[in-house]
Amino acid sequence: QVQLVESGGGLVQAGGSLRLSCAASGSIFSIKDMAWYRQAPGKQRELVATVTSGGIRNYVDSVKGRFTISRDNAKKTMYLQMNSLKPEDTAVYYCNADLLYYSGSSDLIWGQGTQVTVSS
């Protein structure tokens, strides 16, 4: 069974920090691109940050300079370090990963989501 297990969400005051993690489990050859998404109540899901298998990272403008996406390929885990959090960062955060299996096939899967709430 292949799945993404996401954790690290919670309640934090504005200006605080949180670190989200997303760990892949199961028989996986490698992980290609990975990404964090978020969805606030009443809003569309948006792409927050991406990191390619080559380590290239991109961010939505609203989080540049505050969030850092990273990955540990040995642990098959992705992280999102969130600093200087703002109330507008409040959302359910989802991890997404493009997995490559030993068979040569690939699959795009999602984590279950974790709530991040930033108080003003």
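Everything here concerns the structure above.
Colleague: Please provide a residue-by-residue account of the pairing of strand S1 (residues 3–7), values included.
Modeller: Burial along S1 is one-sided: the residues Leu4 and Glu6 are buried and none of Gln3, Val5 and Ser7 is. The pairing of S1 with strand S3 (residues 18–25) spans 5 bridges and is classified as antiparallel. For Ser7, the partnering residue across the bridge sits in S3 and is Ser21.

Colleague: An account of the environment of Ser53 is requested, with residue identities and associated values reported.
Modeller: Position of Ser53 relative to the elements: it lies in the loop between strand S5 (46–51) and strand S6 (57–59). Distance from Ser53 to Arg71, taken between C-alpha atoms, is 9.1 Å for residues 18 residues apart in sequence. What Ser53 contacts, discounting residues up to four positions off in sequence, is Ile31, Lys32, Asp33 and Arg71.

Colleague: Give me the lowdown on the nonpolar core, citing residues and values where you can.
Modeller: With 30 residues, the main nonpolar core has Trp36, Phe67, Met78, Leu80, Met82 and Tyr93 as its most contacted residues. Elements that contribute at least two residues to this core include exactly S3, strand S4 (30–39), S5, strand S7 (67–72), strand S8 (77–82), strand S9 (91–100) and strand S11 (114–119). Ranked by the residues each element gives to this core, the list is headed by S9, at 5 residues. The residues contacting Met82, other than those within four sequence positions of it, are Gly16, Ser17, Leu18, Leu20, Arg66, Phe67, Tyr93 and Val116.

Calculation notes
Counting restarts for each chain: residues are numbered from 1 in the order of the written sequence. It should be noted that, the model being predicted, local features are given only for residues of pLDDT at least 70 and side-chain atom pairs only at 80 or more, the latter also being counted only at that level, while totals for whole chains, interfaces and linings use all residues. As a rule here, side-chain values come from all non-hydrogen atoms in the structure, and water together with hydrogens is ignored. The rule is simple: take the accessible area with a 1.4 Å probe, protein chains only, and divide by the maximum for that residue type; under 20% is buried, over 50% is exposed, in between is partly exposed. The way it works is that DSSP assigns letters per residue, a run of H or I at least four long becomes a helix, a run of E at least two long becomes a strand, and they are numbered from the N terminus. DSSP-based pairing: two strands are paired if at least 2 bridges between them are found. Whether two residues are in contact is decided by their heavy atoms, any of which lying within 4.5 Å being enough. In this text, buried Ala, Val, Leu, Ile, Met, Phe, Trp, Tyr and Cys residues form a nonpolar core when linked through side-chain atoms within 4.5 Å.

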